[in-house]
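In case you want the letters, here they are:
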There are 2 protein chains.
Amino acid sequence: MDTLMKGADVAAAMKEGLIKETEDLKEKGIHPCLGIVRVGERPDDMAYERGARKRMESIGIRCEVTELPEDITQEAFEEAFRGVNDDPRIHGILLFRPLPPHLDEEPVRAMIHPLKDADCMSPVNIAKVFSGDESGYAPCTPEAVMEMLDHYKISLKGKRVTVIGRSMVVGKPLSMLLLKRHATVTVCHTRTVELSKTCRDAQILVAAAGKARMVTGDMVGDGAVVVDVGINVDEEGNLCGDVDFDSVQEKASHISPVPRGVGSVTSSVLAKHVIKGARCLNEGC
Amino acid sequence: MDTLMKGADVAAAMKEGLIKETEDLKEKGIHPCLGIVRVGERPDDMAYERGARKRMESIGIRCEVTELPEDITQEAFEEAFRGVNDDPRIHGILLFRPLPPHLDEEPVRAMIHPLKDADCMSPVNIAKVFSGDESGYAPCTPEAVMEMLDHYKISLKGKRVTVIGRSMVVGKPLSMLLLKRHATVTVCHTRTVELSKTCRDAQILVAAAGKARMVTGDMVGDGAVVVDVGINVDEEGNLCGDVDFDSVQEKASHISPVPRGVGSVTSSVLAKHVIKGARCLNEGC
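Residues numbered from 1 in each chain as written. Chains lettered and ligands numbered in written order. Predicted model: local features only at pLDDT ≥ 70, side-chain atom pairs only at ≥ 80, totals over all residues. Heavy atoms only, no water.

Chain A is annotated in an unreviewed UniProt entry as Bifunctional protein FolD of [Clostridium] hylemonae DSM 15053. Under Pathway (unreviewed entry), UniProt gives the following word-for-word description of chain A: "One-carbon metabolism; tetrahydrofolate interconversion." According to the UniProt record, the Subunit (unreviewed entry) comment for chain A reads "Homodimer." (UniProt positions renumbered as here; feature names shortened; annotations may be inferred.)

Colleague: Can you walk me through the relation of the copies chain B and chain A in this structure?
Modeller: These two copies of the chain differ by a rotation about an axis and a displacement along the same axis. Overlaying chain B on chain A yields an RMSD of 0.0 Å, the required transformation being a rotation through 180° with an accompanying axial translation of 0.0 Å. What we have between these two chains is a two-fold relation. The position closest to the rotation axis in chain B is occupied by the C-alpha of Thr186 of chain B, lying 2.0 Å away. A high fraction, 100%, of the interface residues of chain B reappear at the interface in chain A, so the copies pair face to face through one surface. (Least-squares fit on C-alpha atoms with pLDDT ≥ 70 in both. Contact = heavy atoms within 4.5 Å.)

Colleague: Please explain the sheet that holds strand E8 (residues 225–228) of chain A as it appears in this structure.
Modeller: Pairing between the strands of a sheet is mediated by backbone hydrogen bonds and can be parallel or antiparallel. Spatially, E1(A)-E11(A)-E8(A)-E7(A)-E5(A)-E6(A)-E6(B)-E5(B)-E7(B)-E8(B)-E11(B)-E1(B) is the arrangement adopted by the 12 strands of the open sheet, whose pairing is mixed. With one partner strand each, in any of the chains shown, strand E1 (3–4) of chain A together with strand E1 (3–4) of chain B form the two edges of the open sheet. Where E1 of chain B and strand E11 (residues 254–255) of chain B come together, 2 bridges link them in parallel fashion. Each bridged residue has a counterpart across the sheet, and for Leu4 of chain B the counterpart in E11 of chain B is Ile255 of chain B. Its contacts with the sheet place helix H7 (residues 171–180) of chain A against strand E5 (160–164), strand E6 (184–188) and strand E7 (204–207) of chain A together with strand E6 (184–188) of chain B, and it is angled at close to 170° to E5 of chain A. (Pairing = 2+ DSSP bridges. Helix = DSSP H or I, 4+ residues; strand = E, 2+ residues; numbered from the N terminus. Axes fitted to C-alpha atoms, helices over the stretch in contact; angles between N-to-C directions.)

Colleague: I would appreciate a short explanation of the interface of chain B and chain A in the present structure.
Modeller: One widely used convention gives an interface's size as the accessible area the parts lose upon coming together. On the side of chain A, 29 residues touch chain B, which itself brings 29 residues to the contact. On inspection of chain B and its partner chain A, the count reaches 2 salt bridges. For Glu194 of chain A, the salt bridge goes to Arg160 of chain B, with nearest N and O atoms at 2.7 Å. Taken together, the connections running from chain B to chain A amount to 17 residue pairs in polar contact (both at pLDDT 80 or more). Those elements that provide at least two residues to the side of chain B that touches chain A are helix H5 (123–131), helix H7 (171–180) and E6 of chain B. Per-element tally for the side of chain B that touches chain A: the top contributor is H5 of chain B, with 7 residues. When its residues are assigned to classes, the side of chain B that touches chain A shows 15 nonpolar, 8 polar and 6 charged. Summarising the sheet, E6 of chain A and E6 of chain B pair through 3 bridges and their orientation is antiparallel. (Salt bridge = Lys/Arg side-chain N within 4 Å of Asp/Glu carboxyl O. Polar contact = N/O pair within 3.5 Å; in protein donor to acceptor, adjacent residues only side chain to side chain. Nonpolar A, V, L, I, M, F, W, Y, C, P; charged D, E, K, R; others polar.)

Here is the structure:
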């Protein structure tokens, strides 16, 4: 390995610009504000919330958390969400998902103001990501992958990129962002035959499969760029990615670790979206 | 070549079921009706319109054409479109695109009733195709490709499929339909390096590049299934596809011709969508 792609370095590089934009807006009387909507107290959500609040504070963005009880009714949930959505002081909304099983997400997807849709729930933004229209918002994680690749000056045009995973949270939107940048994209998944060969052929490999250390050194081409989007807990209770770091780092030219990789960039992308929302809602896009 | 994949055979096989569904609806007093909205008199549009009317008639679906002058104002265009959209007798809408350059398509995309959106203009249906939600409507051409592959019993699960083209009309939505069926999908385009190799590696190759006879025999693996979505006019004024039929048919196991291939299936898919619209609008989905 030549380069360890560290999330903190990417976030640090983004920070200066985000602070500047926030200050410019504040001078105009606009104070960018993220509205977090959380139902229940799932530890993963709580951890992400702490990180996001810290990131927003460090940039100068306000943060308002709406905590809702886990047994909230659909009606009360929608009413609370509508309150956040209609609040003119809030410029971006993060709703933790999945919701408890008794709640239906569809009504709030349809309701959310597309300009406040900081993590791409609305069909309007989903359609924009699909069509390559950059006026909307992509989900934070795939955009964090793009920020990481750009930070380390990985050129994408004409490159063979393999994405493992076809979720709406990472794999599919990431494939569209990569296509927009003129990469030749192959999407693999659980039913892919010859996964090893398809991965080995890639110049850039992104693992978003949600399976601990499934990408091993023999699946990676010499000098490939490997981005790990997985967040798993291994048998010993340790956090790990989809990539078997030790064996892959011998083959890859660039590799992102887990933890301290892509996951450390997502809240910076979230901040970027809140700032964009504040600007667009007040000044037009 | 073992099998010539003929559009007419696919359409014929679909016809019986479509007639049956239409008759069932008529017995309940619902007469499925396609509303065509055409601005100007572009020869391509006129030709497609003739074919679509004939197909609808043969199935028992009514057809209402709203012809608008090429120099219509945006306001008058939107008003005319709203009239068709609000007409309870119309269950599916086909708007010919591209519109003349002075007209903006966005307002009607936002306006169209998602259940009447027979060719996937609405962000609601675009987002559904992207996310693999089959309750919406895919654009007719990529769905016609799927109908053709299914008719000829081409299994997709785990297959290596290469799609040439990344348009919102064919390449991207087709890739999503293929992914949903568990194919491993590679999307190629004008910036792809090593296009020949990527095509040759595919077990199923779909050409939707819009470039006359660009796929030649040396780009096709032995026994591959080749679907040609291109409609081009060659130097001598003849209609031809993206596939060089003569050289490719020596390598492929299955090949679809142009004309008389995928293009002959799209209006059957359109009919299917009008019937689905009539059912969903009247009885719920």
